[in-house]
Every structure is written in C-alpha cells, then in structure tokens.
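# Geometric and topological summary
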Amino acid sequence: MAKLKFSKKRSSKDLLISDEKWKVLICDDEPEVHSITKTVLHDFIFKNKKLEFISAYSAKEAFDILKVERGIAVILLDVVMESDHAGLDLVKRIRDELKNTNLRIVLRTGQPGFAPEKDVIQEYDINDYKEKTELSDVKLYTTVMSALRSYKDIKAIQRSKKGLEKILKATKDIYKRNSLELFSDGVLTQIVSILRLNGHSFLVTQDGFSLEKDENELTLLASTGKYENKKLNDILDEKIQKLFNEALEKKESLFLDDIFVGYIPTEIGKANLIYLTGCEKLNKLDKNLIKIFSSNVSTAFNNLYLNKEIIDTQKELIETLGETVERRSKEASHHVRRVANISYELALKVGLDEKEASLIRNASPMHDVGKIGIPDSILLKPDLLTAEEIETMKTHTDIGKNILTNSKREVLQAASIIAYEHHERWDGKGYPRGLKGNEIHIYGRITAVADVFDALLHKRCYKEPWPIEDVISYFQDEKGKHFDPELVDLLIANLDTFKKIENIN
C-alpha cells in the first residue's frame, strides 16, 4: 500500500499539504478493522488533504458522533454490530433523522448473508457496498477515493446553489439596506464554487482607477475564509495593491499561479475587484467560465449601483427639503436627520422589519414639510402664539398631507401619513383629527416621539435646550398621554443608543 502514489512523476511528498483534512468515520465493532483501515490509508492524500480518522465501535456511538461532529465526508460502516442489522438501522437514522444527505456511506460487511447486496442497494440510501473479503488495500484505497470525489462534488454543488440563492435574494430585495453587500457575498460564494477554490477571498469596490490616489475610496463589500471579519487595512498589503493596480490599469482580470484578481467594471465609474487565493493553475475552461460569469455579474452590479444611486438621491432630496423647512424657522440644523435616525431605531426596537424601519427613516424628514405654508410672522414668533395663531400653525399637518398625498411613491405615501399624524396624541387630545391610541398610525406615533425628543434637547427660537434628565422626566410624565407608552419604554430602555444619535453623554 505504501507504494501507491498519484503518479510515478508526482509523489505525495511533492504536494503542498493543507492543514484541513477529510474526515472519515470508521464504524465497526472489531478493533482490528479500525487498525487495518488506518494502516492501509495512512498515506492517503486527495486534493492536497490527508485523512482524519474518527472511530465508533457501535451504531449508537456513530450516531452520537454524527449528531455533533460537522463535516464528516465518509463513513465506512459495518452491518452486524450490537444487532444483526445495526448498520442498516444507522443508515436510516442518518438519512431520515439527521437529514444528512452529504455523507457518503460505504457499507462493509463480513457477513453478506445478513445483508444481501441487491436488497440493500435497493432499500437503503447507501453509496457503495463491499464485502470485507474483497476489500484489498488497493480496493479500499479506490473506494475511499471515489467516495471523497463524490462528497467534494456534492459540496461544490451546494456552495454554488447557496451562492446563487444569495444573488437571487439580493436582486429581488434590492431596496434592502445591505443589498449590495449581500449580492457581493453571493458573488464570492459563486465564483469560489465555480473555480473549486479554498474559499479565501474578498471583494472591494472603489471610485477611480488607482489605489495610489488618496481621493479614491476603497470599500470592502464581502470577504470569506481567512479574510472574513477583518478590516480592509489589515487585508491590503503591498503585493495585493500592486495586483489591483495592474488589473485596473489593464482593465482586465489577472490569472496567476495561485491567485485570481477579478476586474469587474461598471458603467458609473466604479470598478469592483475580486481577490481569490488557492487557485493553483486554472485551465482554459476555468478562465472562460470566469470571464462569462464576471461579465454577467458586471451587469448586475450596474443595476444595483444605479438603483442605489436613485435611492440615495431620493433620500438626499427629502432630507434637504426637510432641512430647508427647519432652517426657515431658524431651528437647529440637522434636526430632520436626527429624527430620521431616532425613528429608524425605534421602529426596529418596536418590532418592525428592516425594510419598514428604513422606510420610516427615509420618510420622517418630511414630517414638518407643511410648515412651508405657515407665515413667517407665526413660524418665527419668539413669543407665545395667540389662540388664532395656534390654529393657523396646526394647519401645517393638513398642508403637509396635501403636498404628499397624491404621490404613488411608497416613501412619499409614508411621509404623508407622518406629516398628517405626528401631532396626534395617545390620549386623543392631539390634532388634526383627535385620533386615539392605536388609531394613530405607527409611523406617526414613532415620529412624534423622535421629533419631540430631539426638539427638547436643542435650542429653538422660543426656548433653550433641555437637560437630558428633564427630557426623560417629561416623557415619563407624558407616557400614555401624549405618547405611545410602549415607545416611551423603548426610548428610556435604550437611552444610550439615542444619546449617541444626539451626540450627548
């Protein structure tokens, strides 16, 4: 057995052996079988990885191991152990209870009368059947090799499927906050699967065409393997930067011995760069597959960036209009952005999903847009307003609704609700309609808390800023009166989060 090599020209000593190993579970009640198996396969190497042996001496012990041990590729399974059909029962439990369809099951039996090959192959989900008497050193070697190849291909298909699922999810959910990052993660998973790599990779995006220019921003969108959870500065060494610059200057991907640098341009002046390790020497088919894949991904990135640009522009316009209203009344700058961020956090904490919380964040800057129709003599008056002036001021909710209500855009429809209802009170004493409790839309209730919280903490033409302690005391007093009591509890329970938004200690 020791003489078996991959070829006469290339011995296992010539290979760069990986630290990772193929896990093989030996399940047999005869200790001698374990020893012989390990001896025969001691120098086994497949795809630069050796074997790691795990021993079980009963079907029950093997099942317990499989419940907790991840990544076992092959089980060499005896049939007759604690019972005449213990091995066959274990096959059923592996497939039915553990739902493990990846594990390659090689049935080895010294008593074929208890498990006739034809019957077993038909009735049980096994991958190979061998009688122990026929398993010579060479046949055992080839049996394990065949099983590992099958396991590797199944895992590659699964990785490919997962990568595709992520890409499909990203394109369907394009408005989600992390859609670009999710898509990028899918791209890495897919490309690693196509090239059958070790999974160490990352993807960046940048403006411009040289990493040497300080004005160009470089952003890490996704990473896997040893690069996962690392900051970009810890990843980008001089060698990688040099390769990136070469790809950017040539405007093409680079195929090296063990590295692939993918160049994926977009139509809006951004270039995406993929860095993969463990490539060894890619063949012509691999390179063509990558070129086709990169071309398709480039189109998808264009769509993502363009949609992101539209969303960001829309968000900026809304914030700018909201800020314009605030500046007209000479109130604190950036009020609407703080209200937007407070509203977003409150929405998440009250149980709304990411999409709806983002919608509130994007719409809430328009909460006081109706003040554009209020005369300066009232809006800027430093003294107390008369009863008539107060009624005029209240009309800003109706004005805001009328400005926004006819839009078919989801964000402006949400903004219309907020503009109309953010002065309603939980006790029904608010305006313009005197809605009470849950009659008030959750968007209006959330924005009301965020608006007042920020307004009290900052100077206005008619008041000085309040200390945070007084603001909290006010909300406690108005809980269940002015404000939704659940939202007040969430505000106070998560005060550190909202103090960060307000930039106060």
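None of the values given here were measured: they were computed from a predicted structure. (Residues numbered from 1 in each chain as written. Predicted model: local features only at pLDDT ≥ 70, side-chain atom pairs only at ≥ 80, totals over all residues. Heavy atoms only, no water.)

### Comments concerning the overall build of the protein chain
From N to C terminus, the protein chain includes 19 helices and ten strands. Counting over 505 residues, the protein chain shows a buried share of 48%. Accessible surface for the protein chain amounts to roughly 26,300 Å². Of this, 49% is attributable to carbon and sulfur atoms. (Helix = DSSP H or I, 4+ residues; strand = E, 2+ residues; numbered from the N terminus. Buried < 20%, exposed > 50% of the residue type's maximum accessible area, 1.4 Å probe, protein only. Areas by Shrake-Rupley, 256 points an atom, 1.4 Å probe, with all protein chains shown as cover.)

### Regarding the sheet that holds strand β3 (residues 72-78)
With parallel pairing, five strands are arranged side by side in an open sheet as β2-β1-β3-β4-β5. The strands lining the two open edges of the sheet, one partner per strand, are β2 (50-56) and β5 (128-131). Averaged over neighbouring strand pairs, the angle between their axes works out to 20° when direction is ignored. Of the strand pairs in this sheet, strand β1 (residues 21-27) and β2 are connected by seven bridges, and their pairing is parallel. Each residue of the ladder has a partner; that of Leu25, found in β2, is Ile54. Each of β1, β2, β3 and β4 (104-109) is contacted by helix α1 (residues 31-40), which is oriented at about 180° to β2, the strand it contacts most. (Pairing = 2+ DSSP bridges. Axes fitted to C-alpha atoms, helices over the stretch in contact; angles between N-to-C directions. Contact = heavy atoms within 4.5 Å.)

### Observations regarding the pattern of salt bridges
A full pass over the atoms with the stated rule returns 19 salt bridges. A salt bridge links Glu502 to Arg338; the nearest nitrogen and oxygen atoms lie 3.5 Å apart. Remark: Arg338 occurs in helix α10 (residues 335-349) and Glu502 occurs in helix α19 (residues 495-502); sequence separation between them is 164 residues. Comparing Glu502 with Arg338 shows no difference in burial state: the two are buried. A salt bridge links Arg425 to Glu478; the shortest N-O distance between them is 3.5 Å. Pair noted here: Arg425 is in the loop between α15 (410-421) and α16 (442-457) and Glu478 is in helix α17 (residues 468-478), with a separation of 53 residues, a long-range link. When salt bridges that share partners are traced, they join Lys60, Asp64 and Lys67 into one network. (Salt bridge = Lys/Arg side-chain N within 4 Å of Asp/Glu carboxyl O.)

### Some thoughts on the packing of aromatic side chains
Using the criterion set out here, one finds eleven aromatic pairs in the structure. Aromatic side chains Trp22 and Phe46 sit 5.5 Å apart centroid to centroid with 35° between the ring planes, which places their arrangement in the tilted category. Of this pair, Trp22 sits in strand β1 while Phe46 sits in the loop between α1 and β2, and the two are 24 residues apart along the sequence. Phe46 matches Trp22 in its accessibility class, with the two residues each being buried. Each ring, one from Tyr227 and one from Tyr275, has its centre 6.2 Å from the other, and the planes form 75°; the classification is edge-to-face. One end of the pair, Tyr227, is in the loop between β7 (218-224) and α7 (232-235); the other, Tyr275, is in strand β10 (residues 270-277), with 48 residues separating them in the sequence. Overall, the relative accessible area of 9% leaves Tyr227 in the buried class. Under the relative-accessibility criterion, Tyr275 is labelled buried at 4%. One aromatic cluster is present, built from ring pairs that chain together Phe453, Trp466, Tyr474, Phe475 and Phe483. (Phe/Tyr/Trp six-rings, centres within 6.5 Å; stacked < 30°, edge-to-face > 60°.)

### With respect to the environment of Ile240
Relative to the elements of secondary structure, Ile240 occurs in helix α8 (residues 238-250). Since its relative accessible area comes to 2%, Ile240 is described here as buried. Filtering out sequence-adjacent residues up to four positions away, Ile240 remains in contact with Phe202, Ile235 and Tyr275.

### Re unusual backbone geometry
Omega for the peptide link from Tyr431 to Pro432 comes to 15°, which places this bond in the cis form. Backbone geometry places Lys99, a non-glycine residue, at a positive phi of 55°. The class for Lys99 is exposed, based on a relative accessible area of 62%.

### Concerning the side chain of Lys130
On the secondary structure map, Lys130 appears in strand β5. Within the buried core, Lys130 has no salt-bridge partner, and the shortest N-O distance to an opposite charge, that of Asp128, equals 4.0 Å. In contact with Lys130, other than residues within four places in its own chain, are Val106, Leu107, Arg108, Thr109, Leu135 and Thr143. (Lys, Arg positive; Asp, Glu negative; His and termini not counted.)

### Here's the deal with the confidence of the model for the protein chain
Of the residues in the protein chain, 76% have a pLDDT of 70 or more, and the chain-wide mean is 81. Counting contacts from residues 208-216, a segment whose pLDDT is below 50, to residues more than four positions away or on other chains yields 16 contacts. Confidence drops under pLDDT 50 across residues 328-333; counting only partners more than four residues distant or on other chains, this segment forms 20 contacts. (pLDDT = per-residue confidence, 0-100.)

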